[in-house]
Amino acid sequence: MAAQATAPAEAQDTNAHIDPAAQVADAGFVPVQTRSERPRSFEPDDFGVPNGREVNWKHTPVARVKPLFAAAEQNDGVTYEAVSGAEFVSTPLAAGTAPRGEFFVPEDVVSAIAWQGSSEGLHVRIPRETEVSEPVVIAITGQGAERRADAHIVIEAQEHSAATVVLRHSGSAQYAQNVEIIARAGSRLSVVTVQQWEDDAVHAASHQARVDADAQLKHFVVTFGGGVVRVNPNLELSGNGAEGRMYGLSYADAGQHFESQVYLHHKGAHTVGDVLYKGALQGESAHSVWIGDVLIGPDATATDSYEANRNLVLTEGARADSIPNLEIQTGDILGAGHASATGRFDDEQLFYLQARGITEEEARRLVVLGFLSDIVQRLGIPALEAELLVAVEVELAAVNA
């Protein structure tokens, strides 16, 4: 307990706030170049209020996220319900109570505010050597577009356990959220966050996960609704033989901004990482942002890692920003790579289908479904997979109307 209580203070000491004005005045200042160099702190004042020029905010509509730069006064913007697996929801965790803060340290001001503002954190705990056959589903329901909420959620899979945990977001709110994920040695954990907010919702989340020796984590970000949804996952493969797979699926409509800044850190030896995010966009000012950072550390020998982002732009006026980055600090790896592609329909695919008597509209529908279903089928939750495919059909019907 003592170590947990002192962790925030230690982080504050090593991540002092840097005044932006002083940066400009200092001709020798070198800005943060990589994700691993970003400052971390539990204190919001150590970050200051973003102005949109910071490396981690320059692609975000800061004015629309501004409500999250201040703490929630009432903290009543969302409600929580264990739809299934309620027996795995443990006693709420106050700051400084293990395992809250065992791994998590905020990377930006919204995350630091969520840490300070959530007096009790939801704790989903899968006991040691327990295999949970059905998903543990937590419904997070917004109570109104003007209502604010801060949250810290801990998802912990103890040694040699296996489970799937689903966070389902709906309604509308201004929501700052931290999700701390711990996959202990030998565990197999899947975490799925689904955003099906109303169009006026603002949701900024920081997911930080640690995967211990011989453990496996699958992490999914699925976003179909919301005005601004920014979910930034950070996954550390800390133990030898750890495996992490990060998948994303989004469908942005007119006026929506969906963003993920993904960080995969290979720390242990013989680790395996796979990152694949896919998105479709339609409508004026539909915007998606994907920034993928992979760090293979000096001790991460025999690592195998790959990251990719694919975007399909369906109409004029939509925009996808995609930035993959790869940093390797050891020469002893099995393989590493990254890729990014953004474009419209593949004319050859459309021609192939139309040449076999399929109408152009139906051909476009089949191409989009095939493109996105690759991620859907990896979920391993049949009911959710069917629901998301229906959601894609609804979106396609709107663009063809």
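Everything discussed here concerns the structure shown above.
Residues numbered from 1 in each chain as written. Predicted model: local features only at pLDDT ≥ 70, side-chain atom pairs only at ≥ 80, totals over all residues. Heavy atoms only, no water.

## Here's the deal with the overall build of the protein chain
Piece 1. Counting its regular elements, the protein chain contains seven helices and 18 strands.
Piece 2. Over its C-alpha trace the protein chain gives a radius of gyration of 21 Å, about what one expects of a compact globule, namely 21 Å for 401 residues.
Piece 3. Considering the protein chain as a whole, with its 401 residues, one finds that 55% of them fall into the buried category.
Piece 4. Partitioning the contacts of the protein chain with sequence separation of at least 6, the portion at a separation of at least 24 is 86%.
Piece 5. Just so you have it, the protein chain exposes about 16,600 Å², and 50% of that area is on carbon and sulfur atoms.
Piece 6. Charged side chains in the protein chain number 28 positive and 55 negative. The centres of these two groups are separated by 2 Å. (Helix = DSSP H or I, 4+ residues; strand = E, 2+ residues; numbered from the N terminus. Rg over C-alpha atoms; globule rule 2.2 N^0.38 Å. Buried < 20%, exposed > 50% of the residue type's maximum accessible area, 1.4 Å probe, protein only. Contact = heavy atoms within 4.5 Å. Areas by Shrake-Rupley, 256 points an atom, 1.4 Å probe, with all protein chains shown as cover. Lys, Arg positive; Asp, Glu negative; His and termini not counted. Charge placed at Lys NZ, Arg CZ, Asp CG, Glu CD.)

## What about empty space enclosed by the protein?
If you roll a probe as big as a water molecule over the atoms, it shows you where there is empty space left.
Piece 1. Summed over the entire model, instances satisfying the criterion amount to three cavities of 30 Å³ or more.
Piece 2. As a volume, the largest cavity reaches approximately 170 Å³.
Piece 3. As for the largest cavity, its lining consists of 18 residues, of which Ser250, Phe258, Ser260, Tyr277 and Val289 are closest to the centre.
Piece 4. Looking at the lining of the largest cavity residue by residue, the classes come out as eight nonpolar, eight polar and two charged. (1 Å grid on protein atoms, 1.4 Å probe; cavity = no way out; pocket = protein on both sides within 12 Å on 5 of 7 lines; lining within 4 Å. Points joined across faces, edges and corners; volume = space filled by probe spheres on them. Nonpolar A, V, L, I, M, F, W, Y, C, P; charged D, E, K, R; others polar.)

## Quick notes on helix α6 (residues 360-376)
Residues spaced three or four apart along an α-helix face the same direction, because each turn holds 3.6 residues.
Piece 1. For α6, with 17 residues, the first-to-last C-alpha span of 24 Å sits near the 24 Å given by 1.5 Å per residue.
Piece 2. Along α6, the residues classified as buried are Ala363, Val367, Val368, Leu369, Phe371, Leu372, Ser373, Ile375 and Val376. (Expected span 1.5 Å × (residues − 1).)

## Considerations on helix α4 (residues 109-117)
Piece 1. In terms of burial, α4 is a largely internal element, seven of the nine residues being buried.
Piece 2. Looking only at α4, the buried set comprises Val109, Val110, Ser111, Ala112, Ile113, Ala114 and Trp115.
Piece 3. A side-chain oxygen of the first residue of α4 lies 3.1 Å from the backbone nitrogen of valine 110; this N-cap is aspartate 108. (Polar contact = N/O pair within 3.5 Å; in protein donor to acceptor, adjacent residues only side chain to side chain.)

## Here's the deal with the sheet that holds strand β8 (residues 188-196)
Piece 1. The nine strands are arranged β1-β4-β6-β8-β10-β12-β14-β16-β18 in an open sheet whose pairing can be described as mixed. The open sheet has two free edges, formed respectively by β1 (78-84) and β18 (335-343), since each of these has just one partner strand. Looking at each pair of strands side by side, their axes are set apart by 10 degrees on average, direction ignored.
Piece 2. Note: strand β16 (residues 304-313) against β18, nine bridges, orientation parallel. Bridge pairing in β18 places leucine 312 opposite glycine 343. (Pairing = 2+ DSSP bridges. Axes fitted to C-alpha atoms, helices over the stretch in contact; angles between N-to-C directions.)

## Points about the packing of helix α5 (residues 347-354) against α6
Relative orientation and spacing of two packed helices are given, respectively, by the angle between their axes and the distance between those axes.
Piece 1. Across the interface, α5 lies against α6 with an axial gap of 9 Å and an inter-helix angle of 125 degrees. On the basis of the axis angle, α5 is oblique to α6. For the crossing formed where α5 meets α6, the hand is right-handed. Along the contact surface, α5 presents Gln349, Leu350, Leu353 and Gln354, while α6 presents Glu360, Ala363, Arg364, Leu366 and Val367. (Parallel < 35°, antiparallel > 145°, perpendicular 65-115°, else oblique. Left-handed = near helix turned anticlockwise from the far one by under 90°.)

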